[in-house]
Amino acid sequence: MINSKTIIITGGAGFIGSHVVRRFVNNYPDYKIINLDNLTYAGNLANLTDIQDAPNYSFQKGDITDAVFIDALFEKEKPYAVIHLAAESHVDRSISNPMEFVMTNVIGTVNLLNAARKSWEGDYINHRFYHVSTDEVYGALGESGMFTEETSYDPHSPYSASKASSDHFVRAYHDTYGLDVVISNCSNNYGSHHFPEKLIPLAINNIKNNKPVPVYGKGENVRDWLWVEDHARAIDVIFHKAKAGDTYNIGGHNEWKNIDLIRLLCEILDQKLGRESGASAKLITFVTDRAGHDLRYAIDSTKLQNELDWVPSLQFEEGLEKTVDWYLQNEEWLENVTSGNYQDYYKNQYNS
Ligand code: NAD
Ligand code: DAU
């Protein structure tokens with residue numbers, strides 16, 4: 001059974017990781033949470049200012065591709081468990097630079113598995129390796145159907161191929177060595193602290209600044225959107241209750257065509273910025289499609305609902321409005337992130 005011990009959360013300075021770290025630090029004062037993150041362009045400690053001084057929280061800068069460093073960290077901290085979110089996460093970047101995705105998502109994951117194996121050997125039953133993955137490993141759907149936990153893997157982008165590979169390694173370490181592993185595959189997240197290269201925060205930022213909003217192809221691609229705090233709650237439930245070797249799909253039952261979603265965002269922002277109705281929609285600009293662009297994702301999360309009693313808590317329209325409000329109220333965060341200032345600050349602080 002899980003009790004009050006050290007948990008390493010990787011990628012805790014990123015979008016979803018920061019919500020997971022916050023939830024665990026606030027809800028489990030007996031856990032010692034170590035946020036292991038290399039502070040890449042996507043990592044930002046300003047995402048965690050509200051909990052940075054909590055007695056059960058610490059930050060460890062480090063690169064999961066560095067096996068020597070990871071082994072030493074496990075040796076020093078003797079963690080009870082790992083919740084692994086660190087990754088290169090943006091599909092467009094994976095198309096221009098696939099090797100970074102192989103390094104962090106595949107090699108980095110295997111380094112963590114090796115360190116866990118060495119550190120926990122003989123006592124796997126009292127440890128847990130939780131790997132956070134994506135619905136993109138299942139490939140693309142047509143007009144109908146949903147991804148279940150039984151759907152065969154069929155990744156199309158270098159990003160999803162690297163995540164699929166890491167999932168396979170995690171399962172292989174369970175089957176081969178008996179490591180206690182759990183995997184979840186989640187749909188598109190949205191919410192606060194989302195880096196503005198991804199569709200929703202990019203569109204909010206561009207609409208706010210009267211800049212063109214790029215919509216790939218005809219905007220017909222469909223994504224299943226889930227509020228990031230509901231994802232963090234699902235990770236909490238799965239981490240504490242799943243059986244060793246189990247997999248859960250996590251999704252919002254909330255499919256939107258990109259173009260419809262962008263039009264809704266334009267309407268919300270017209271209203272919040274006091275613009276004439278229809279003004280922001282004029283910023284929509286159709287651009288060249290993403291190479292290998294998956295048409296549709298939709299998650300069937302019945303297993304999670306039936307076995308672990310998890311359902312999304314927020315209706316999308318409400319969540320989207322909350323998200324827009326957060327970006328409008330946190331201009332400094334957005335400016336630092338878009339200008340890159342946050343990186344200079346933390347680079348100086350951590351000498352890298
Ligand atoms: P993100 O890009 O916002 O954050 C990634 C974090 O990992 C950053 O803080 C970065 O500094 C850190 N990182 C990257 N390379 C590292 C390395 N080599 N060593 C240590 N740290 C490193 O990502 P996100 O959107 O929060 O996604 C988190 C996880 O959830 C990823 O594994 C992703 O595949 C998965 N996921 C994301 C979504 C989504 O919609 N964003 C959906 C399903 C699953
Ligand atoms: O499904 C889960 C995945 O969701 C995660 O595993 C990834 O880490 C995460 O980045 C996200 O991947 P997507 O590629 O779906 O997200 P993105 O925000 O990049 O794009 C969402 C949709 O919007 C997609 O169909 C591409 C389109 N798009 C995206 C951008 C950035 C545009 O039309 N214009 C854009 O400028």
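Residues numbered from 1 in each chain as written. Chains lettered and ligands numbered in written order. Predicted model: local features only at pLDDT ≥ 70, side-chain atom pairs only at ≥ 80, totals over all residues. Heavy atoms only, no water.

Chemist: I keep staring at the site of ligand 2 and nothing clicks. Help me out?
Modeler: The full set close to ligand 2 counts 23 residues, and Thr134, Asp135, Tyr159, Arg290 and His293 are the nearest of them. Residue Thr134 places a side-chain N or O atom 2.7 Å away from an oxygen atom belonging to ligand 2. Of all elements in the fold, only helix H6 (199–208) and strand S8 (213–216) reach the threshold of two or more residues within the shell around ligand 2. Of the residues forming the shell around ligand 2, the biggest block, 3 residues, is contributed by S8. The residue makeup of the shell around ligand 2, split by class, is 9 nonpolar, 8 polar and 6 charged. (Near = heavy atom within 4 Å. Polar contact = N/O pair within 3.5 Å; in protein donor to acceptor, adjacent residues only side chain to side chain. Helix = DSSP H or I, 4+ residues; strand = E, 2+ residues; numbered from the N terminus. Nonpolar A, V, L, I, M, F, W, Y, C, P; charged D, E, K, R; others polar.)

Chemist: How do you make sense of the packing of H6 against helix H8 (residues 258–272) when you look at a structure like this?
Modeler: Relative placement of two packed helices is described by the angle separating their axes and the distance separating the axes. Running from N to C, H6 and H8 point in directions that differ by 40°, and their axes come no closer than 10 Å. Between H6 and H8, the interaxial angle falls into the category oblique. Where H6 crosses over H8, the two elements pack in a sense that is right-handed. Along the contact surface, H6 presents Leu199, Ile200, Ala203, Ile204 and Ile207, while H8 presents Asn258, Leu261, Ile262, Leu265, Cys266 and Leu269. Residue composition of the contact of H6 with H8, grouped by class: 10 nonpolar, 1 polar and no charged. (Axes fitted to C-alpha atoms, helices over the stretch in contact; angles between N-to-C directions. Parallel < 35°, antiparallel > 145°, perpendicular 65-115°, else oblique. Left-handed = near helix turned anticlockwise from the far one by under 90°. Contact = heavy atoms within 4.5 Å.)

Chemist: Whenever I open this one, the site of ligand 1 confuses me. Can you help?
Modeler: Around ligand 1, a shell composed of 28 residues is seen, among which Ile16, Asp37, Ser89, Tyr159 and Lys163 lie nearest. Within the backbone of Phe15, one N or O atom sits 3.0 Å away from an oxygen atom of ligand 1. Taking Ser89, its side chain carries an N or O atom lying 2.7 Å from an oxygen atom of ligand 1. In the complex, the protein chains occlude 96% of the 840 Å² of accessible area that ligand 1 would expose alone. (Areas by Shrake-Rupley, 256 points an atom, 1.4 Å probe, with all protein chains shown as cover.)

Chemist: Before we go on, may I ask you to explain the sheet that holds strand S6 (residues 181–186) in this structure?
Modeler: Across a sheet, paired strands are connected by hydrogen bonds in the backbone, their directions being either parallel or antiparallel. An order of S3-S2-S1-S4-S5-S6-S10 is seen for the 7 strands of this open sheet, with the pairing classed as parallel. Each of the sheet's edge strands pairs with one partner strand only, and the pair in question is strand S3 (57–61) and strand S10 (247–250). Geometrically, the sheet is characterised by an average inter-axis angle of 20° between neighbouring strands, direction not taken into account. Two elements, strand S1 (residues 6–10) and strand S2 (residues 32–37), share 5 bridges in a ladder whose sense is parallel. In the strand pairing of S2, Ile8 is matched with Ile34. On the sheet, helix H5 (residues 158–177) packs against strand S5 (128–134), S6 and S10 and is oriented at approximately 155° with respect to S5. (Pairing = 2+ DSSP bridges.)

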